[in-house]
Protein chains: 2
Amino acid sequence: MATPQLTKNQTMVMDALSHSEGPLSAYTILDKLRDQGFRAPLQVYRALDKLLEYGLVHRLESLNAFVACTCPHEHEHDHGVTAFTICEGCGQVTEFHDIAIEQRLSALTRAQNFKTEKTTIEIRGHCQSCA
Amino acid sequence: MATPQLTKNQTMVMDALSHSEGPLSAYTILDKLRDQGFRAPLQVYRALDKLLEYGLVHRLESLNAFVACTCPHEHEHDHGVTAFTICEGCGQVTEFHDIAIEQRLSALTRAQNFKTEKTTIEIRGHCQSCA
DNA sequence: TCGCACACGTTATAGCATAACGCAATTGAT
DNA sequence: ATCAATTGCGTTATGCTATAACGTGTGCGA
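First, a word on scope: everything that follows refers to the structure included in this document. (Residues numbered from 1 in each chain as written. Chains lettered and ligands numbered in written order. Predicted model: local features only at pLDDT ≥ 70, side-chain atom pairs only at ≥ 80, totals over all residues. Heavy atoms only, no water.)

## What to know about the pairing of strand E3 (residues 83–87) of chain A
Residue and element names in this part refer to chain A.
- Of all 5 residues in E3, 5 are buried; the element is thus mostly enclosed.
- Burial of the side chains of E3 extends over both faces: Ala-83, Thr-85 and Cys-87 are buried on one face and Phe-84 and Ile-86 on the other.
- The pairing of E3 with strand E4 (residues 93–96) spans 4 bridges and is antiparallel. The residue bridging Phe-84 from the neighbouring strand is Glu-95, located in E4.
- The turn joining E3 and E4, which pair antiparallel and follow one another in sequence, is formed by 5 residues; a positive phi near 80° is taken by Gly-91. (Buried < 20%, exposed > 50% of the residue type's maximum accessible area, 1.4 Å probe, protein only. Helix = DSSP H or I, 4+ residues; strand = E, 2+ residues; numbered from the N terminus. Pairing = 2+ DSSP bridges.)

Next comes the structure, spelled out in structure tokens:
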């Protein structure tokens, strides 16, 4: 899917995530954007929904939080499964992709005739610095 | 970890999950157990915390819900990563384990010197019947 | 110009999870 | 036996996450 021009709200949410060191919850984003006119959670959630749809943002299910995608171009072609390591110490999130895992999961789901729509892989632990 | 004798509350929560067709949210469990004396969310969450610790229950991060483990004995030795397929149609959840994925993830995290504590793999989609 | 799609704004509400307090039962070392 | 520590329990209150429902405005093609 081609990424359309972002609206004003979408741009502000995207910028907040891009400039953040780590993942942000929707309400944290809201707080960051209050100065710029945001008043209600839905303004954030609606923007996030679109950014997720465009593949510019990922949702971290185990944190109820969101991060900017580190390689949005690759997603224009919607390649593959995205996985994350999440450090419990410093909060750092690293996105990665692995074709072997993707193929293995694909084989396993095909074996049970399961039609995959979205795959979540999140690894919680401690990064090198925080070990 | 050896599983200790469950307390009364833990047993009731475990039974609710075991007898359920699919995953249950904490508040759904609470509602099911009101007749048996449950009054507050914490009663459920505290029981769930222990059941998770004992490996008798899994948390589905993408649903904010819980399921009984389908193979609790294997977990007594704390083998491996648990993965799930989750059908958006009928709600059916299938737990599975795959050593190849586990090894691949292990290699990838070791490469970034990341110390894994918990791995979440959840595949949303449609099962054979609901495709 | 009419109708439609879409983004937006607001209020209210629903759903998920934990903080903080105190009490009761158990255990186990002295 | 007794005291201290641990663990589970019950309750109230609160906080965080997410969506429902309604209406407004704008752009654009039939």
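## Brief notes about the protein's contact with DNA strand C
- Not every one of the 15 residues close to DNA strand C is listed here, only the nearest: Thr7(A), Gln43(A), Arg46(A), Tyr27(B) and Arg59(B).
- The share of sugar and phosphate among atoms of DNA strand C within 4 Å of the protein is 47%.
- At 2.3 Å from a base nitrogen of DNA strand C is found a side-chain nitrogen or oxygen belonging to Arg46(A).
- With respect to DNA strand C, the side chain of Tyr45(B) contributes an N or O atom lying 3.0 Å from a phosphate oxygen.
- Within the residue set of the surface near DNA strand C, elements represented by two or more residues are helix H1 (8–18) and helix H3 (41–53) of chain A together with helix H3 (41–54) of chain B. (Near = heavy atom within 4 Å. Polar contact = N/O pair within 3.5 Å; in protein donor to acceptor, adjacent residues only side chain to side chain.)

## Brief notes about the packing of aromatic side chains
Residue and element names in this part refer to chain A.
- According to the stated counting rule, one finds 2 aromatic pairs over all chains in the structure shown.
- Plain terms: the ring middles of Tyr-27 and Tyr-45 are 6.4 Å apart, the flat faces sit at 70° to each other, and that makes the pair edge-to-face. In this pair, Tyr-27 is assigned in helix H2 (residues 26–33) and Tyr-45 in helix H3, connecting sequence segments 18 residues apart.
- A relative accessible area of 46% places Tyr-27 in the partly exposed class. (Phe/Tyr/Trp six-rings, centres within 6.5 Å; stacked < 30°, edge-to-face > 60°.)

## Things to note about the protein's contact with DNA strand D
- Lining the immediate surroundings of DNA strand D are 14 residues, of which Tyr27(A), Arg59(A), Thr7(B), Gln43(B) and Arg46(B) lie closest.
- Of everything in DNA strand D that lies within 4 Å of the protein, sugar and phosphate atoms constitute 47%.
- Between Gln43(B) and DNA strand D, the recorded distance is 2.5 Å, taken from a side-chain N or O atom to a phosphate oxygen.
- Here a base nitrogen of DNA strand D sits 2.3 Å away from a polar atom, N or O, in the side chain of Arg46(B).
- At the level of elements, H3 of chain A together with H3 of chain B are the ones that each hand at least two residues to the surface near DNA strand D.

## Structural notes on unusual backbone geometry
All names here are of chain A.
- If you check the backbone angles, Asn-64 has positive phi at about 50° while not being a glycine.
- Secondary-structure assignment places Asn-64 in the loop between strand E1 (57–60) and strand E2 (65–68).
- One non-glycine residue, Asn-113, lies in the positive phi region at around 55°.
- Judged by relative accessible area, Asn-113 falls into the partly exposed class, the value being 43%.

## Comments concerning the side chain of Glu61(B)
- Inspection of the secondary structure puts Glu61(B) in the loop between strand E1 (57–60) and strand E2 (65–68).
- Classification of Glu61(B) as buried rests on a relative accessible area of 11%.
- A distance of 3.0 Å separates polar atoms of two side chains, one belonging to Glu61(B) and the other to Arg59(B).
- Residues contacting Glu61(B), with those up to four places away along its chain left out, are Glu61(A), Ser62(A), Lys118(B), Thr120(B) and Glu122(B). (Contact = heavy atoms within 4.5 Å.)

## Brief notes about the interface of chain B and chain A
- In this complex, chain B contributes 33 residues to the contact, which on the side of chain A involves 33 residues.
- Taken together, the connections running from chain B to chain A amount to 2 salt bridges.
- Arg104(B) is paired through a salt bridge with Asp98(A); the nearest N and O atoms lie 2.5 Å apart.
- Counting across the interface, chain B meets chain A through 16 residue pairs in polar contact (both at pLDDT 80 or more).
- Elements that contribute at least two residues to the side of chain B that touches chain A include exactly strand E3 (83–87), strand E4 (93–96), helix H5 (99–111) and strand E5 (115–126) of chain B.
- The dominant element in the side of chain B that touches chain A, judged by the number of residues it contributes, is E5(B), at 12 residues.
- Looking at the side of chain B that touches chain A, its residues break down into 11 nonpolar, 13 polar and 9 charged.
- Here strand E5 (residues 115–126) of chain A pairs with E5(B) via 11 bridges, running antiparallel. When the sheet's bridge partners are listed, Ile121(A) is paired in E5(B) with Ile121(B). (Salt bridge = Lys/Arg side-chain N within 4 Å of Asp/Glu carboxyl O. Nonpolar A, V, L, I, M, F, W, Y, C, P; charged D, E, K, R; others polar.)

## A short note on the relation of the copies chain B and chain A
- Between chain B and chain A, which share one sequence, the superposing operator has a rotation angle of 180° and an axial displacement of 0.0 Å; the RMSD is 0.0 Å. In the structure described here, the two chain copies are related by an operation that fits a two-fold rotation axis. Considering only C-alpha atoms, the part of chain B nearest the rotation axis is Ile121(B), at 2.3 Å.
- A symmetric contact is evident, with 100% of the interface residues of chain B recurring at the interface of chain A. (Least-squares fit on C-alpha atoms with pLDDT ≥ 70 in both.)

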